[in-house]
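What follows is each chain in one-letter form.
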Amino acid sequence: MRRLFLPQYHRGISTKTLDGWVKSVQKSGKNVFVKVDEGTAREPIQLVADKEISQEVKVGSAIRATGSIEQSRGTQQETEFVAEQLRVVGRDENPRYDDLSSDNLRKKAHLRARNVQFAALLRARSALFRETHEFFMSRDFIHIDTPKLTKNDCEGGGEVFDVVTTSSDSLNGSDGLKEEPMYLSVSSQLHLEAMVSRLQRVYTLGPAFRAEKQQSHAHLSEFYMLEAEIAFVETVEEMCSVVESYVKYMFSCLDKPNIKSELKILTLENKNSVPISTPFPRITYDDAVDLLKSKGSKVTAKSGLSKKNELDLVKLHGNLPIFVTYYPVNQKPFYMARTPDETKTLSFDLLVPMVGELAGGSVRESNADKLRQRGCGIEWYLETRKRGQPPTAGFGIGFERLLQYLLGIQNIKDTIAFPRWHRHCQC
Ligand SMILES: NC(=O)C[C@H](N)C(=O)O
C-alpha cells in the first residue's frame, strides 16, 4: 500500500488525505477518474470521485481530497483513492510545462519545478546533497558554515562581487568607523584552513560567487561549492585519493533506489559512468603538455591548458576522469605550497568528460613569510601560521559541474533551481 501523508487530525481513523496536482481527468458514467501527481517520483495515483464533487477539477489544479484507499476495479493499478470530499485549492490558468524546451523553461525559472523532468532533477539534486553530507560525516568530517560576506578575494582572480552597503548609517560613517569593502565569497578555503587547525577534518557545501563575464554551458555566477580541508596532509597524492573516492561514491549513489527512480523520469541521454575499480589516471602538468604537443597541439607550458586541451586529455585517457598535478607557480594562487625549487605548486585539477575542470586542490603553504612575499596581506590568515597550524591540504568541487558530469546534463543552468549568470538574475 502507498504511504500517504496523514495530517495529525486524521490519525487513528481510516479516512486519509491525498494532496497533489491533477495530471489528467477522465469522465466515465457517474464517476470521474483523476490521475494525481503527489510531487514525488511515484507514478500518479488514481483518484475516483463522484461527478458531483469533482466538477471544478481541471488538469493542473492543486487538489486536496479525503477518502480511503481501496483495491482498484481497473487493471492498470492495484489500488486507487476513493474520494469522499474533494476541494480544488489552487487553479492553473495554463498547465503546459512538460512539452516546453529547456530554453523556454529556463526563462521562467519560477515555474520550472512544474515540469515533470525538472522536478525529478531537483529531487535527485537534493538526494545527492544528502549523499555528500553522508560521505563526509561518516568519515568524521565536521561541517562548517563559512561566511558569504568577506573582505578577501581568496583566489586573487579579481572575479569578486562587491557588496555595496546602502544603509544611511554606514554611508555617513556616523558610527565613526571607516567603510571597508566587502565581497561575496569566491571560496571558503581560507576560513576552512582556520578551522581545520583543531578539528582535523572539515568541509562545507554552500554558495560561492564569481563575477565571471564568461557565458558558457559550464559557468554560473552563483554556484554551490563543496570544499574540504584535512590537517596533517602533506602530499598531492593523498588529496587526489580523497577526491577520487568521493566522485566514485557519488557515481555509486546513482544506483540507490530513491535516486534511480528520479533518473528514470529524467531519461538522460548522456549519463556518464566510471568503472569503480579502475584508478583515475594521474599525470603531471609537464607530461600533459608534452602529450598534447605530441598530438599536434600548440599548447606550451607557459600558456596553460585551455578547456579544449583539458577535454583532449580526458579523451586521450579513455574518457576517464584524470588528475593533472604540479601546475607551474605562475598559474596558481599564492596559498599553494611549492616544490623545493619553487617552480611547481603542490596542486592538482581533476578533469572530466563534458565539463573539463571539475575539482581543484592543493597542499597549503605553511610559511607566513613566503605567503607575505607572494603578496598575501590577510593578517588573520597569516597569524594562523604562527599558532600551531599543521600542514593542511584541501580541494573544491563545483557541485553543479559534478551534477552535469554525473547526470550528463549539457547546460549547467539546468542543474540548479534558480540559475544566475552574467547579467541574468530574473527572479
Ligand atoms: N577549497 C579549495 O581548494 C578550492 C579553491 N580555493 C578554489 O576555489 O578553486
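Calculation criteria
Residues numbered from 1 in each chain as written. Predicted model: local features only at pLDDT ≥ 70, side-chain atom pairs only at ≥ 80, totals over all residues. Heavy atoms only, no water. Helix = DSSP H or I, 4+ residues; strand = E, 2+ residues; numbered from the N terminus. Buried < 20%, exposed > 50% of the residue type's maximum accessible area, 1.4 Å probe, protein only. Contact = heavy atoms within 4.5 Å. Lys, Arg positive; Asp, Glu negative; His and termini not counted. Charge placed at Lys NZ, Arg CZ, Asp CG, Glu CD. Polar contact = N/O pair within 3.5 Å; in protein donor to acceptor, adjacent residues only side chain to side chain. Salt bridge = Lys/Arg side-chain N within 4 Å of Asp/Glu carboxyl O. Axes fitted to C-alpha atoms, helices over the stretch in contact; angles between N-to-C directions. Parallel < 35°, antiparallel > 145°, perpendicular 65-115°, else oblique. Nonpolar A, V, L, I, M, F, W, Y, C, P; charged D, E, K, R; others polar. Arc of directions from axis to C-beta. Pairing = 2+ DSSP bridges. pLDDT = per-residue confidence, 0-100. Near = heavy atom within 4 Å. Areas by Shrake-Rupley, 256 points an atom, 1.4 Å probe, with all protein chains shown as cover.

## As for the overall build of the protein chain
Helix and strand counts for the protein chain stand at 11 helices and 16 strands. Considering the protein chain as a whole, with its 427 residues, one finds that 48% of them fall into the buried category. Taking the contacts inside the protein chain whose residues are at least 6 apart along the sequence as the reference set, 66% of them involve residues at least 24 apart. Here the protein chain contributes 59 positively and 55 negatively charged side chains, and the mean placements of these two sets differ by 4 Å.

## Quick word on the side chain of Thr-339
Relative to the assigned elements, Thr-339 resides in the loop between strand 13 (322-325) and strand 14 (347-352). With a relative accessible area of 17%, Thr-339 lands in the buried category. Of the polar contacts made by the side chain of Thr-339, one reaches the side chain of Asp-341; its length is 2.7 Å. The residues contacting Thr-339, other than those within four sequence positions of it, are Tyr-326, Lys-344 and Leu-346.

## Regarding the pattern of salt bridges
Under the defined criterion, the tally for this structure stands at 24 salt bridges. Taking the shortest distance from any N to any O, the salt bridge between Glu-244 and Lys-248 comes out at 2.9 Å. Note that Glu-244 and Lys-248 are positioned in helix 5 (residues 236-253) at a spacing of four residues, about one turn of the helix. For Glu-244, a relative accessible area of 9% gives the class buried. Lys-370 serves as the salt-bridge partner of Glu-342, at 3.4 Å between the closest nitrogen and oxygen. Of this pair, Glu-342 sits in the loop between strand 13 and strand 14 while Lys-370 sits in helix 9 (residues 368-373); the two residues are 28 residues apart in sequence, bridging distant segments of the chain. The class for Glu-342 is partly exposed, based on a relative accessible area of 31%. Residue classification places Lys-370 among the partly exposed positions, given a relative accessible area of 31%.

## Considering the packing of helix 7 (residues 285-294) against helix 8 (residues 307-316)
One way to put it is that helix 7 packs onto helix 8 with a least axis distance of 11 Å and a crossing angle of 85 degrees. Looking at the two axes, helix 7 sits roughly perpendicular to helix 8. On helix 8, the residues that touch Ala-288, Leu-291 and Leu-292 of helix 7 are Asn-309, Asp-312, Leu-313 and Leu-316. Among the residues forming the contact of helix 7 with helix 8, the class breakdown is five nonpolar, one polar and one charged.

## Some points on the environment of Gln-389
With respect to the helices, strands and loops of the structure, Gln-389 is situated in the loop between helix 10 (379-384) and strand 16 (392-398). Ignoring any residue separated from it by four or fewer positions in sequence, one finds Gln-389 in contact with Glu-193, Val-196, Ser-197 and Thr-384.

## What to know about helix 7
Residues Tyr-285, Ala-288, Val-289 and Leu-292 constitute the buried set of helix 7. Buried residues of helix 7, viewed axially, fall in a sector of 100 degrees; they line one side. Contacts made by the buried residues of helix 7 are with strand 12 (282-284), helix 8 and strand 13. Positive backbone phi, approximately 100 degrees, marks Gly-296, located one or two places after helix 7.

## Description of the pairing of strand 13
What you see with strand 13 is no split at all: Ile-322 and Val-324 on one side and Phe-323 and Thr-325 on the other are buried throughout. Where strand 12 and strand 13 come together, three bridges link them in parallel fashion. Residue pairing across strands places Thr-284 opposite Thr-325, the latter belonging to strand 13. Here strand 13 runs beside strand 14; their pairing, made up of four bridges, is antiparallel.

## Focus: unusual backbone geometry
Even without a glycine there, the phi angle at Gln-200 is positive, about 70 degrees. Mapped onto the fold, Gln-200 is located in the loop between helix 4 (189-199) and strand 10 (201-209). With a phi angle near 60 degrees, Arg-423 is a residue other than glycine that sits in the positive phi range. Looking at the secondary structure, you find Arg-423 in the segment after helix 11 (399-407).

## Focus on the confidence of the model for the protein chain
With 94% of its residues at a pLDDT of at least 70, the protein chain reaches an overall mean of 92. Taken together, the stretch residues 5-13 has pLDDT below 50 and engages in 10 contacts with residues farther than four places along the chain or on a different chain.

## Describing the site of the ligand
Every residue close to the ligand is listed here: Glu-155, Ser-187, Gln-189, Arg-210, Met-225, Glu-227, Tyr-335, Gly-360, Arg-364, Phe-395 and Gly-396. At a separation of 2.9 Å, an oxygen atom of the ligand approaches a polar side-chain atom of Arg-210. Note that a nitrogen atom of the ligand is positioned 2.6 Å from one of the side-chain N or O atoms of Glu-227. Considered on its own, the ligand offers 270 Å² of accessible surface; in the complex 89% of this is hidden by protein. Of all the secondary structure elements, the ones that give two or more residues to the shell around the ligand are strand 11 (222-231) and strand 16. For the shell around the ligand, the per-class residue count stands at three nonpolar, four polar and four charged.

## A few points about the sheet that holds strand 15 (residues 356-363)
What the eight strands build is an open sheet, ordered 6-10-11-16-15-14-13-12; its pairing is mixed. In this open sheet, the two edge strands, each paired with only one partner strand, are strand 6 (142-143) and strand 12. In terms of strand pairing, strand 14 meets strand 15 through six bridges, oriented antiparallel. Its bridge partner being in strand 15, Leu-350 is matched across the sheet by Ala-359.

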